[in-house]
Amino acid sequence: MAQGDVKAIRGIVLVVEDDEASADLLAALLEEEGFQPVVCPDGRAAMEPFERERPVAVLIDWVIPGGSGIELCRRIRSQDSVVPIFFVSGRADEASVSRGLDAGADDFLSKPFRPRELAARLDAHLRKVAALPERVEAQESAALPGPPTNGSAVRTFGEVDVDLEARTARVGGRPITLGSLEFRLLEYFVRNAGVALSREQILHEVHGYDDIATERVDLLVRRLRAKLGWNDWITAVPGYGYRLERPRR
């Protein structure tokens, strides 16, 4: 490929889809938006192009040959903590979304979808990744040790310690595993403690777009409450949204 063409490409997107028609459609949509699609029809074989190409995002079908999409998502997330992972599937029920989030996915794109919806969601997640304060190149095979975390970045809410620099959370000193969307929601609550946040605000700030049902916010809040034991900390604001209570001094 010529040097000029390389500069025009916004990044490589790995598409793991065994249905040829669906794969061709996704590839065409990605090319229109300036991305270079790399299509792999098999989940077991998908790690090779992922490691070789280091894509800026990954699109995975729920059911694929060579293992489930969930298994592939876990393998990718174990190697790269920041690359946006989307499930592109006809499934959008709460149980499936929860399983995907548990595996490390960032988003669900339900078939059928509008062409601009894919581009908008990709752009939103890539902006979130680019804005990460500690944005270390996930493509590197090993990370150099960084400076110690600034204590001022740690916020405490009861038994929960949230480190906004290290992007970690501990409950009673025990590390808690949070998905990227879950930590974005946690960070948004922590930075706005005591403020009532509407579901629409949360969608915009956490997801980066406003074109999905606000019930997705309720699911994410329930998951965060359960993982952190925050039933008393995150309170519902009827007909509006949620509020993280301020720590008592």
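Given the structure is predicted, the values throughout are model-derived calculations rather than measurements. (Residues numbered from 1 in each chain as written. Predicted model: local features only at pLDDT ≥ 70, side-chain atom pairs only at ≥ 80, totals over all residues. Heavy atoms only, no water.)

The next point concerns unusual backbone geometry. Cis geometry marks the peptide bond from Lys111 to Pro112; its omega dihedral reads -5 degrees. Positionally, Pro112 belongs in the loop between β5 (107-110) and α6 (115-130). With a phi angle near 50 degrees, Arg54 is a residue other than glycine that sits in the positive phi range. Position of Arg54 relative to the elements: it lies in the loop between α3 (47-53) and β3 (57-60). At Arg167, a position not held by glycine, the phi torsion is positive, near 55 degrees. The topology assignment puts Arg167 in the loop between β7 (160-163) and β8 (168-171). By relative accessible area, which is 18% here, Arg167 ends up buried. (Helix = DSSP H or I, 4+ residues; strand = E, 2+ residues; numbered from the N terminus. Buried < 20%, exposed > 50% of the residue type's maximum accessible area, 1.4 Å probe, protein only.)

Bringing the confidence of the model for the chain into the picture now. Considering every residue of the chain, the mean pLDDT works out to 84; 86% of them sit at 70 or more. Every residue in residues 1-7 scores below 50 in pLDDT, and together they form 3 contacts with partners more than four places removed in sequence or on other chains. Note on residues 134-150: pLDDT is under 50 here. Beyond four places in sequence and across chains, it has 12 contacts. (pLDDT = per-residue confidence, 0-100. Contact = heavy atoms within 4.5 Å.)

So, about empty space enclosed by the protein. Over the atoms, a rolled probe matching the size of one water molecule traces out where space is still vacant. In the structure shown here, the tally under the stated rule is 1 cavity of 30 Å³ or more. Residue lining of the largest cavity: Val97, Leu101, Ala105, Asp106, Asp107, Phe108, Leu181, His207 and Arg216, and that is the complete set. For the lining of the largest cavity, the secondary-structure elements that each account for two or more residues are α5 (94-103) and β5. When grouped by side-chain class, the residues that make up the lining of the largest cavity number 5 nonpolar, 1 polar and 3 charged. (1 Å grid on protein atoms, 1.4 Å probe; cavity = no way out; pocket = protein on both sides within 12 Å on 5 of 7 lines; lining within 4 Å. Points joined across faces, edges and corners; volume = space filled by probe spheres on them. Nonpolar A, V, L, I, M, F, W, Y, C, P; charged D, E, K, R; others polar.)

Turning our eyes to something else, we now look at the pattern of salt bridges. Counted according to the given criterion, the structure contains 18 salt bridges. Between Asp107 and Arg121 there is a salt bridge, and its shortest N-O distance comes to 3.3 Å. One end of the pair, Asp107, is in strand β5; the other, Arg121, is in helix α6, with 14 residues separating them in the sequence. We classify Asp107 as buried; its relative accessible area is 2%. Between Arg223 and Glu182 there is a salt bridge, with its nearest N and O atoms 2.7 Å apart. Remark: Glu182 occurs in helix α7 (residues 180-191) and Arg223 occurs in helix α9 (residues 215-228); sequence separation between them is 41 residues. Each member of the pair, Arg223 as well as Glu182, carries the same accessibility label: buried. Each member of the salt-bridge network shares a partner with another, and the members are Asp102, Glu182, Arg223 and Lys227. (Salt bridge = Lys/Arg side-chain N within 4 Å of Asp/Glu carboxyl O.)

A few words on the environment of Asp80. Examined against the element boundaries, Asp80 turns out to sit in the loop between α4 (69-79) and β4 (85-89). Classification of Asp80 by relative accessible area gives buried; the value is 4%. For the pair Asp80 and Glu51, spaced 29 residues apart in the sequence, the C-alpha separation amounts to 9.9 Å. Of the polar contacts made by the side chain of Asp80, one reaches the backbone nitrogen of Val82; its length is 2.9 Å. (Polar contact = N/O pair within 3.5 Å; in protein donor to acceptor, adjacent residues only side chain to side chain.)

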